[in-house]
Amino acid sequence: MKSFFFLTFVLLFYTDISAQSAENLKDEVWQKELQYWHFVKNNDTSAYRTLWHDNFVGYPATERLTRKDKISNWITDAYNTKGRRYEFLLAKKMVNPFGDVVITFYDETDIWKNDRGEVVLEEVYKITHTWKEFGNEWLIIGGMSALKRK
């Protein structure tokens, strides 16, 4: 009987630790997503590219597969229109951990305002990123985004 209680205690303790670890992973990777969008907001393409693995391949909101060397082109293109200020909103749908791989799912709203603070363009994208931990660093190894239809 003692072994039954001991085994039950160990299993409950292990389950609690596993749940905490999964929650920590979710939070850690979600913070990386927030960092990603702050780099976009600040037009910091150099820092933005540090979030991507060298072998990344994914579908940004285009029909072409993109590798790391072209991943920040959309930011440069977006900031080419003078007199616009960028803001964003994120709506987290799910963060799904699998050990050293975490997949994020969320909606992102691009909000472009003119110098008077008026919204001149607003678009909502559904986005997924697959993050993998390399040592102590989380990097995006795959992803996809698409414009949401209203």
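Everything numeric in this text was worked out from a predicted model, so none of it was measured.

So, about the sheet that holds strand β1 (residues 52-59). Two strands in a sheet stick together by hydrogen bonds in their backbones, pointing the same way (parallel) or opposite ways (antiparallel). Pairing in this open sheet of six strands is mixed, and the strands run β2-β1-β6-β5-β4-β3 from one edge to the other. Either end of the sheet is taken by a strand with one partner, and the two such strands are β2 (66-67) and β3 (85-98). Across 10 bridges, strand β5 (residues 119-134) lies against strand β6 (residues 137-147) in antiparallel orientation. Residue pairing across strands places F134 opposite E137, the latter belonging to β6.

With 13 bridges connecting them, strand β4 (residues 101-113) and β5 associate as antiparallel partners. Following the sheet pairing, W112 is matched in β5 by L121. Between β4 and β5, which pair antiparallel and follow one another directly, the connecting turn spans five residues, one of which, G117, has a positive phi of 80°. Where β5 hands over to β6, the hairpin turn is made up of two residues, of which G135 adopts a positive phi near 70°.

Each value, and the rule that gives it
Residues numbered from 1 in each chain as written. Predicted model: local features only at pLDDT ≥ 70, side-chain atom pairs only at ≥ 80, totals over all residues. Heavy atoms only, no water. Pairing = 2+ DSSP bridges. Helix = DSSP H or I, 4+ residues; strand = E, 2+ residues; numbered from the N terminus.

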